[in-house]
Amino acid sequence: MSLLFFLLTLAACCLFYLSLPQQRWLPQPGSRYLRWIAVFLLMVALLVGFRYFSIGTSIFALLAIIILLLSLLPFTSLLRKGRRHDD
């Protein structure tokens, strides 16, 4: 279940990132409804975390994963062949 917790958080962070105007994965940013879906997925992930971990552990792990993913997701656009950071 910790894998489900991580995957829900990953999906939520990806959707949140795609809804930002500065995102580099798509030519146009996604709609603002993606943010609401991301919030819903984060709440589901938190409920899954509460089910299998303690409350403090769930909140800390969720925040740590969010910080890590939102720090790394902008750099994934550089993995595409031929992309540079100044494009």
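Keep in mind it's a predicted model, so treat the numbers as computed, not measured.

With respect to the environment of R32
So, point 1. Here R32 is to be found in the loop between α1 (2–18) and α2 (33–52).
So, point 2. Take R32: its relative accessible area is 58%, and that puts it in the exposed class.
So, point 3. Along the backbone, R32 and S19 are 13 residues apart, and their C-alpha atoms lie at a distance of 5.9 Å.

Topic: the nonpolar core
So, point 1. F5 and L62 are the most contacted members of the largest nonpolar core, which totals 17 residues.
So, point 2. Among the secondary structure elements, those contributing two or more residues to this core are α1, α2 and α3 (55–72).
So, point 3. Those residues within four positions of L62 in sequence are excluded, and the remaining contacts are F5, T9, L42, A45 and L46.

Concerning α2
So, point 1. Under the 1.5 Å per step criterion, the end-to-end length of α2 is 29 Å for 20 residues, consistent within 8% with the ideal 28 Å.
So, point 2. Looking at the buried residues of α2, the elements they touch are α1 and α3.

Looking at the packing of aromatic side chains
So, point 1. For the coordinates displayed, the defined rule picks out two aromatic pairs.
So, point 2. Here the aromatic rings of F5 and F53 are separated by 5.9 Å at their centres, their planes lie at 70°, and the arrangement is edge-to-face. Taken together, the positions of F5 in helix α1 and F53 in the loop between α2 and α3 put the pair 48 residues apart, joining distant regions of the chain.
So, point 3. When the ring of Y17 is compared with that of W25, the centres are 5.2 Å apart and the planes differ by 65°; the resulting orientation is edge-to-face.
So, point 4. A residue is classified by how much of its surface remains accessible, and W25, at 27% relative accessible area, is partly exposed.

Topic: α3
So, point 1. With 18 residues, α3 should reach 26 Å at 1.5 Å per residue; the first-to-last C-alpha distance of 26 Å fits that figure.
So, point 2. Within α3, burial applies to S58, L62, I65, I66 and L69. In a view along the axis of α3, the buried residues occupy a sector of 105°, so they form one face of it. Seen from the open side of α3, the exposed residues pointing more than 90 degrees away from its buried face are G56, F60 and I67.
So, point 3. Buried residues along α3 sit in contact with α1 and α2.

Criteria and cut-off values
- Residues numbered from 1 in each chain as written.
- Predicted model: local features only at pLDDT ≥ 70, side-chain atom pairs only at ≥ 80, totals over all residues.
- Heavy atoms only, no water.
- Helix = DSSP H or I, 4+ residues; strand = E, 2+ residues; numbered from the N terminus.
- Buried < 20%, exposed > 50% of the residue type's maximum accessible area, 1.4 Å probe, protein only.
- Core = buried A, V, L, I, M, F, W, Y, C linked by side-chain atoms within 4.5 Å.
- Contact = heavy atoms within 4.5 Å.
- Expected span 1.5 Å × (residues − 1).
- Phe/Tyr/Trp six-rings, centres within 6.5 Å; stacked < 30°, edge-to-face > 60°.
- Arc of directions from axis to C-beta.

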